[in-house]
Every structure is written in C-alpha cells, then in structure tokens.
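Residue-level structure breakdown
So you can see what is in the structure, the chains are spelled out below.
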Amino acid sequence: MLLKHIQATSTPTLHCPLSLHMTLKQLRCLREVTRANFNISAAALFLHATQSGLSRQLQLLEQSLGTALFVRRGKRLLCLSTAGKKILLIAERILLDAENIRESARELSDATRGSLTIATTHTQARYALPTVIRRFIREYPQVRLSLRQGTPAEVSSLVSSGKADISIATEPEELQQDLVMLPCHELQRIVLTPARHPLLKTKRLTLKTLAHHPLITYDFAFVARSKIVSAFEAVGLEPNVVLNAIDADVIKTYVEFGLGIAIIPEIAFEPKRDRALRAIAADHLFEPNTINLGVRRHHHLPGYVYAFIEMFAPHLTHAVVQKAIEKVD
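Here goes a summary of the coordinates provided. Just so you know, these numbers come straight off a predicted model, no measurement behind them. (Residues numbered from 1 in each chain as written. Predicted model: local features only at pLDDT ≥ 70, side-chain atom pairs only at ≥ 80, totals over all residues. Heavy atoms only, no water.)

Let us now look at the side chain of Gln26. Position of Gln26 relative to the elements: it lies in helix H2 (residues 24-35). With relative accessibility at 5%, the residue Gln26 sits in the buried group. Look past the residues within four positions of Gln26 in its chain and what remains in contact with it is His21, Gln57, Leu60 and Leu61. (Helix = DSSP H or I, 4+ residues; strand = E, 2+ residues; numbered from the N terminus. Buried < 20%, exposed > 50% of the residue type's maximum accessible area, 1.4 Å probe, protein only. Contact = heavy atoms within 4.5 Å.)

Rendered as structure tokens:
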C-alpha cells in the first residue's frame, strides 16, 4: 500500500528514452508559459504561435528530458513541477547566453547600429533624460531609441523580462533577483505651492505645519510616497493626502488649481515654465530618493548602451558596470 501511495503522489515521470534534442524554441516556450502564469493562450499570443503548437513544443521538451515539467489538471497547466522549477532556472540562463551570442555577433558586424529600450518613470523621462538623449542621438544616430514609462516596479519588470535593456528609477519595494541596481544620483525634495500661499511666509517648514494642509503626492507604487508618509508617521503625524498621481506634471497641475500642496523632486520644478507655482526647500524634512540604473545580471550590453549609461551617470563607467553585471553572487 505504501509503495502505491508514493507512486500516486510523486511527480510523474514520462517513460520514454532520454534524448537531449531540446531546442531554444522549446526552452523559450517554457519560459513564456511560466511568465504568463501558465496561460497557454497568452503565452502563444506573445510568441506569435498557435496554442496547439505551443503545447506540442512543451510536450516535446518533456519527452526529450524524460520528466514532467508541469503539474496538470487535465489539459490545464497549474504550476511547475519540482523538476520544472530547477530546469526553468537553467533554461533562463541558456536563453540569456543565446541572446548574448546574437548581440555579440551583431556588435562585431556594426557597433553603431542597433536598438536601446529604456524603462523609466515619468519624472526621469520628462526632466532628467532629455539632454542625455539629445546627446546620445547626436553621437549614435543609427541606434533606435525607445522609452517605456511606468512605476519603479513596472520598469524593473520590463528589464527582468527582457522587454527593456536598462531601467532608470527609484528602487522598487520588491527587488528583482536577476537585476543589478547601480546608484546614479540622489533627488532632493521640495514643497510646491500656488503663488501667494500662506506657507511661503513660513521661515522654516516643519512636518507639523505641512500636516495642516491638503497634500497631493505620488501613488502608492512609488518609493518616494512611502518615504514621505513614513517621515510624518515617525513623529506621530498623519498627512492629509487628498490626491495620488504617478505623473509630476499632473501633480503640478492640481497644485496650480488650488487643490493642495505637493511634495515632489526638486528636478521636476522649472521656474520659467511653472510661473504660477512656488518651491520651498524640504531637504531637512525628507531623506532624498536614490535613482538607480537596473540591468540584468550576466547580460551582454552593446558598447553604445555603456556609452548611454556613462552619459547619464559619469561615475558608471564601462568597467564599473561590466564588473557589476558579471559579478557572481
């Protein structure tokens, strides 16, 4: 009876001759199905394949390895088996190496052509990157440049999944284990008010004073917001947050309309453009935010990507970034 119970509950094994005729296509199918939360339809759509074709590739991979990679309920995939979890980790490294080979070959043929996708937040895209991007386009006119915007967690996920080459944002609350995060610079905060606001007459701002005013701030997905709230909570105060947004320009618009004051990065205030607004230094009240550059571990970067990184953060030289990427944990 005990033997029968063990056979019924253990991970099923596919009884077929072991053959390692696996392909990169099959490994890619395994990876994308897992990323799609085991939704065959969504993974097939991403891979530009049919559902039946994707399922067949997964079956061939299991037959080649001689073990089941998934826990199934009928035809439905529930999760990875124990073997599947181990094999997925290896498959992701193999696919990354294959991608690095392609990138290396492409760079050898022409080091000035290619593409660069940057995942970043609105504040960085709008205020920190324009001058860097203008310089980069001038020096590398044949590189296709793309910006993908989102929250810190979203931009990290884009790099982790290979949909972006680098991320530029504050560090997300949950770090992606396959990413290296390199500090670029710090952002000090200011309090933003409409012109002729009572706070402008205050000699030195305090958190207690700010707590009496309606506050417009970043969405919960931003580390900046959590640090602001934490500063108030540390002294037993609760800020009166009336509006959340993920866009600094939206926040400024509602401050201008008189809905409240805002706490934003100093870089997002432009006196010549924001003529109806006033800024008050608040670096003594809130700790600065660190902007980080995120890149996948052991990922090959073309020379022009290293050039872009150094334009944005001069201390992140080719040697520094490469050493961090290749570091073995």
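Moving on, there is more to tell.
Glancing now at the sheet that holds strand E5 (residues 166-170). What holds strands together in a sheet is hydrogen bonding between their backbones, with the strands either parallel or antiparallel. Strands sit in the order E4-E3-E5-E12-E6 across an open sheet of five strands; the sheet is mixed. Strands with a single pairing partner mark the edges of an open sheet, and in this sheet they are strand E4 (143-149) and strand E6 (179-187). Recorded for the sheet is a direction-independent mean angle of 20 degrees between the axes of neighbouring strands. Relative to E5, strand E3 (residues 114-120) is paired through three bridges, and the arrangement is parallel. Bridging across to E5, Ala119 finds its partner in Ser167. Along the sheet, helix H7 (residues 130-139) contacts E3 and E4; its crossing angle with E4, the most-contacted strand, is approximately 160 degrees. Strand contacts of helix H12 (residues 303-312): E3, E4, E5, E6 and strand E12 (289-296), with the helix running at about 40 degrees to E3, the strand carrying the most contacts. (Pairing = 2+ DSSP bridges. Axes fitted to C-alpha atoms, helices over the stretch in contact; angles between N-to-C directions.)

Further remarks concern the sheet that holds strand E8 (residues 214-218). Spatially, E9-E8-E10-E7-E11 is the arrangement adopted by the five strands of the open sheet, whose pairing is mixed. Across the chains shown, the open sheet's two edge strands, defined by having one partner strand only, are strand E9 (240-245) and strand E11 (277-281). Each adjacent strand pair in this sheet contributes to an overall mean axis angle of 30 degrees, direction not counted. Here E8 runs beside E9; their pairing, made up of five bridges, is parallel. From the neighbouring strand, Leu215 faces E9, where its bridge partner is Val241. Packed onto the sheet, helix H11 (residues 248-256) meets strand E7 (189-194), E8, E9, strand E10 (261-265) and E11 and runs at close to 165 degrees relative to E8.

Moving on: unusual backbone geometry. If a residue is not glycine, its phi is most likely negative; likewise, a peptide bond is most likely trans. Of note, Asn37 is a non-glycine position whose phi angle comes to about 60 degrees, a positive value. Mapped onto the secondary structure, Asn37 falls in the loop between H2 and helix H3 (40-47). Phi angles above zero are rare outside glycine, and His298 is one such case at about 60 degrees. Along the chain, His298 turns up in the loop between E12 and H12.

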